[in-house]
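Each chain is listed here by its residues.
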Amino acid sequence: MIARVVQRLVRGMDVTIAHVYLSLFRERNSLITFLFHALFRNEEEMDLNMIDPLERTTVAQFRRLIEYYVKHGYQFVTPQQAIEGLDPEGRFALLTFDDGYYNNLLALPVLEEFRVPALFFISTDHVQQQKCYWWDVFYRQRLAQGADADLAYIEALALKNFRTEEIELKLIERFGADALKPRGDIDRPFRSDELKKFASSPYVFLGNHTTGHAILTNYTPDEVRQQIAGAQTYLTHLTGVTPTTIAYPNGALNRVIAQIAMEEGLKLGFTVRPQKNVLPLDSGDGRLMRLGRFVPHSESAIESQCLTYRSDVLLYGTVRDWYLRFARGQSSEFGT
């Protein structure tokens, strides 16, 4: 697939640029935020293809990323520390996980080992209804039908123009009534009791990922509010703690969505645009509601990726924006 080839080429160029840049210049002080989805015990578990590849990460890769940034003088922070304000002379990192996969539990021993916090964004309907995430269902079903991973990716991208409930109905019609039923611990979300126990750890913070993993630009303002408020209510009732952060599913964001999120009490918002958040973060300019995140992947050495994320000159984010706008025929006010 041409897009995959271009992606690898641009990422390779960014590695080269990062080596040169960091050898000549001092990196700008920033908050670097990382986005993970599923977490795998090892490569063998990853190769079972139970879930959509996304940017797959093993526990060992996750540990090495934390080791790298600790070694290079970064402080891992909590959401509240970011809200209260970070020292503009410092270097900071924040770990985030999207969706609410049960396999995120594998992160906890690593967090405890390094004594670093992480933020887990939960799609609450999946927890309550114990259903699979639609992209996993689509990926494995299409592979079972003989499609390759690249074709499945393109087809799934087109589905993102619909509401979650519309997508799930299409999957049930196409693959059967049990299509959304989890197959095991790899693809299932947390159960409510598991999530409550997980959230009791001092290293775990929960955030809002809407009730139904809603790509919010496909919804009316009233529906956006329902999606956000519903997740707030559930997580507050479950844990006794009201979330102050939101990750917009698929990074879908505009000014109306950001305003609704703030009106619902959220103070930090995360996109999927791969970029550093240069300090200081000024709450007055709206940047706190559209923070960028890097997505580590398994296609190259994690140490090379870590070095690249420190660079202040990156090509990948711009190229990615161009491709997604072309592929989906949509754009975002904030370029996410």
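Note: the structure precedes this text.
Residue indices follow the written sequence of each chain, beginning from 1 at its first position. Local features in this predicted model are restricted to residues of pLDDT 70 or higher, and side-chain atom pairs are both shown and tallied only at a pLDDT of 80 or more, whereas totals for entire chains, interfaces and linings draw on every residue. Computation of side-chain values covers all heavy atoms of the structure but excludes hydrogens and water.

Caption draft 1: Here's a closer look at the overall build of the chain. Helix numbering and strand numbering both begin at the N terminus, where a helix is a DSSP run of H or I of at least 4 residues and a strand a DSSP run of E of at least 2. The secondary structure content of the chain amounts to 14 helices and 8 strands. Only the C-alpha atoms count toward the radius of gyration. The rule for a globule is 2.2 Å times the residue count to the power 0.38. Its C-alpha atoms give the chain a radius of gyration of 19 Å, near enough to 20 Å, the size a compact globule of 336 residues would have. Principal-axis analysis of the C-alpha atoms gives the chain an extent of 55 × 45 × 40 Å. For the chain, with 336 residues in total, the buried portion stands at 54%. Only protein chains enter the accessibility calculation, which uses a 1.4 Å probe; a residue is then buried when its area is under 20% of its type maximum, exposed when over 50%, and partly exposed in between.

Caption draft 2: Expanded view of the layout of surface pockets. Of the two site types, the cavity is a set of points on a 1 Å grid over the protein atoms alone where a 1.4 Å probe fits but cannot get out, and the pocket is an open set with protein on both sides within 12 Å along at least five of seven lines, each lined by residues with an atom within 4 Å of a point. Grid points are joined across faces, edges and corners, and a volume is the space filled by probe spheres set on the points. By volume, the second largest pocket amounts to about 320 Å³. Val204, Phe205, Leu206, Val241 and Thr242 are the residues nearest the centre of the second largest pocket, which is lined by 17 residues in total. At the level of secondary structure, the elements contributing two or more residues to the lining of the second largest pocket comprise helix 4 (79-84), helix 10 (192-199), strand 5 (204-208) and helix 11 (221-239). All residues other than Ala, Val, Leu, Ile, Met, Phe, Trp, Tyr, Cys, Pro, Asp, Glu, Lys and Arg, Gly among them, are scored as polar; the first ten of these are nonpolar and the last four charged. Split into classes, the residues belonging to the lining of the second largest pocket amount to 10 nonpolar, 6 polar and 1 charged.

Caption draft 3: Inspection of the nonpolar core at higher detail. For this analysis, a nonpolar core means a set of buried residues of the types Ala, Val, Leu, Ile, Met, Phe, Trp, Tyr and Cys, connected via side-chain atoms within 4.5 Å. Core analysis: the largest hydrophobic core is formed by 40 residues, its most contacted members being Phe34, Phe62, Leu65, Tyr69, Leu95, Phe120 and Leu195. Considering every element that reaches this core, the biggest residue donor is helix 3 (residues 59-71), with 6 residues. In contact with Phe34, not counting residues within four places along its chain, are Leu65, Tyr69, Ala93, Leu94, Leu95, Thr96, Arg293, Phe294, Pro296 and Tyr309. Core analysis: the second largest hydrophobic core is formed by 20 residues, Tyr133, Leu159, Ile167 and Ile186 among them. Contacts are residue-level and defined by heavy atoms, with any inter-residue pair within 4.5 Å sufficient.

Caption draft 4: Just empty space enclosed by the protein, in detail. Tallying each qualifying case throughout the model produces 1 cavity of 30 Å³ or more. Empty space within the largest cavity amounts to approximately 30 Å³. Lining the largest cavity are His37, Ala38, Phe40, Ile51, Asp52, Pro53, Leu54, Glu55 and Arg56. Of the residues contributing to the lining of the largest cavity, the split by class is 5 nonpolar, 1 polar and 3 charged.

Caption draft 5: Main features of a nonpolar patch on the surface. Without a salt bridge and with relative accessible area above 30%, a residue can belong to a patch; like charges are then joined within 9 Å and nonpolar side chains (Val, Leu, Ile, Met, Phe, Trp, Tyr) within 5 Å. For accessible areas, the Shrake-Rupley method is used with a probe of radius 1.4 Å. Any residue's cover is judged against the shown protein chains and nothing else. One side-chain nitrogen of Lys or Arg within 4 Å of one carboxyl oxygen of Asp or Glu is enough to make a salt bridge. A surface patch of nonpolar side chains, amounting to about 260 Å² of accessible area, comprises Leu9, Met13 and Leu315. With respect to the helices and strands, the residue Met13 is situated in helix 1 (residues 2-24).

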